[in-house]
Amino acid sequence: MHFRQLRQSVGTMTGYLRVQRAICCFTRFYDLLTEERPLMAIERTLSIIKPDAVAKNVIGKIYSRFETNGLKIIASRMAWLSPQEAGEFYGVHKERPFYKDLVAFMTSGPVMIQVLEGEDAIAKNRDLMGATDPKKAAPGTIRADFAASIDANAVHGSDGPDTAKVEIAFFFPAMNVYSGR
């Protein structure tokens, strides 16, 4: 074989290998893109930082936990709830023995109300909050770190998709919720 022919065949072989490598990489990339995997639902949930946590000045620390865990704050406002607003919001608990104390606590100072959005936002927020009783809350949860008691438990979060829709609508008209595009 002549040197020139040898160089052409090696060059052709190298080009062929490059094309094969490119096809292989593209095929792997395509497989990753089209691979069937469970899609996480983008959800919205209502969160309230209660008067005890607002008084402790830990709003920023709580917001940081939301954001570092993939939850985006798409609406927020500070409010001092009236007894009527708190009573209506917690109306589902009206017949329970703690209802009056809950309304009194929620009207004892300002609250920070926000809508959180993200993959599996409801469950993620509930995990971040921890158990209602801070003594039973896992270490590192919001309630374990910032709540004083089962009554003054720092935060509220929606417990399901239907509740979240109702609670968000209670505090935020649709035109006041901003989601990224």
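For the structure itself, consult the block above.
Computed from a predicted structure; not experimentally measured. (Residues numbered from 1 in each chain as written. Predicted model: local features only at pLDDT ≥ 70, side-chain atom pairs only at ≥ 80, totals over all residues. Heavy atoms only, no water.)

*Asks:* What exactly am I supposed to notice about the pattern of salt bridges here?
*Replies:* Scanning the model with the defined rule gives two salt bridges in all. In this structure, Arg65 and Asp145 form a salt bridge, with 2.5 Å as the shortest nitrogen-oxygen distance. Of this pair, Arg65 sits in helix α3 (residues 59-68) while Asp145 is found in helix α7 (residues 142-146), placing the two residues 80 residues apart along the sequence. (Salt bridge = Lys/Arg side-chain N within 4 Å of Asp/Glu carboxyl O. Helix = DSSP H or I, 4+ residues; strand = E, 2+ residues; numbered from the N terminus.)

*Asks:* Looking at this model, I keep getting lost on the packing of aromatic side chains. Mind explaining?
*Replies:* Geometry of an aromatic ring pair is reported as the spacing of the ring centres plus the angle between the planes. Tallied over the entire structure, the rule returns five aromatic pairs. On the basis of an interplanar angle of 40° and a centroid distance of 6.1 Å, the ring pair of Tyr63 and Phe66 is categorised as tilted. Of this pair, Tyr63 and Phe66 both sit in helix α3, three residues apart, which is roughly one turn of that helix. We note that Tyr63, like Phe66, is buried. Taken together, a centroid distance of 5.0 Å and an interplanar angle of 50° make the contact between Phe89 and Phe171 tilted. Of this pair, Phe89 sits in helix α4 (residues 83-89) while Phe171 sits in helix α8 (residues 161-171), placing them 82 residues apart in sequence. Each member of the pair, Phe89 as well as Phe171, is classed as buried. (Phe/Tyr/Trp six-rings, centres within 6.5 Å; stacked < 30°, edge-to-face > 60°. Buried < 20%, exposed > 50% of the residue type's maximum accessible area, 1.4 Å probe, protein only.)

*Asks:* Explanation requested: the pairing of strand β1 (residues 42-49) in the structure shown.
*Replies:* Along any regular strand, the residues point their side chains to alternate faces of the sheet. Counted residue by residue, β1 has six buried out of eight residues, so it is predominantly covered. Here β1 pairs with strand β3 (residues 111-119) via eight bridges, running antiparallel. Paired with Ile48 across the strands is Ile113, a residue of β3. (Pairing = 2+ DSSP bridges.)

*Asks:* Can you help me understand helix α5 (residues 99-106) in this one?
*Replies:* An α-helix turns once per 3.6 residues; consequently, residues spaced three or four apart project the same way. Listed in full, the buried residues belonging to α5 are Tyr99, Leu102, Val103, Phe105 and Met106. One side of α5 carries all its buried residues, which in axial view fall inside an arc of 165°. Structural note: α5 exposes Lys100 and Asp101 on the side pointing more than 90 degrees away from its buried face. Residues of α5 that are buried sit in contact with β1, α2 (51-55), α4 and β3. (Arc of directions from axis to C-beta. Contact = heavy atoms within 4.5 Å.)

*Asks:* How should unusual backbone geometry be read in this particular structure?
*Replies:* Leave glycine aside and you will find that most residues have negative phi; peptide bonds, for their part, are mostly trans. Unusually for a residue other than glycine, Asn57 sits at a positive phi of about 60°. The residue Asn57 is located in the loop between α2 and α3 in this model. For Asn57, a relative accessible area of 65% puts it in the exposed group. Positioned with a positive phi, Asp120 is a non-glycine residue whose angle comes to about 55°. For Asp120, the position within the fold is in the loop between β3 and α6 (121-129).

Take it as geometry only, folks, not as evidence of what the structure does.
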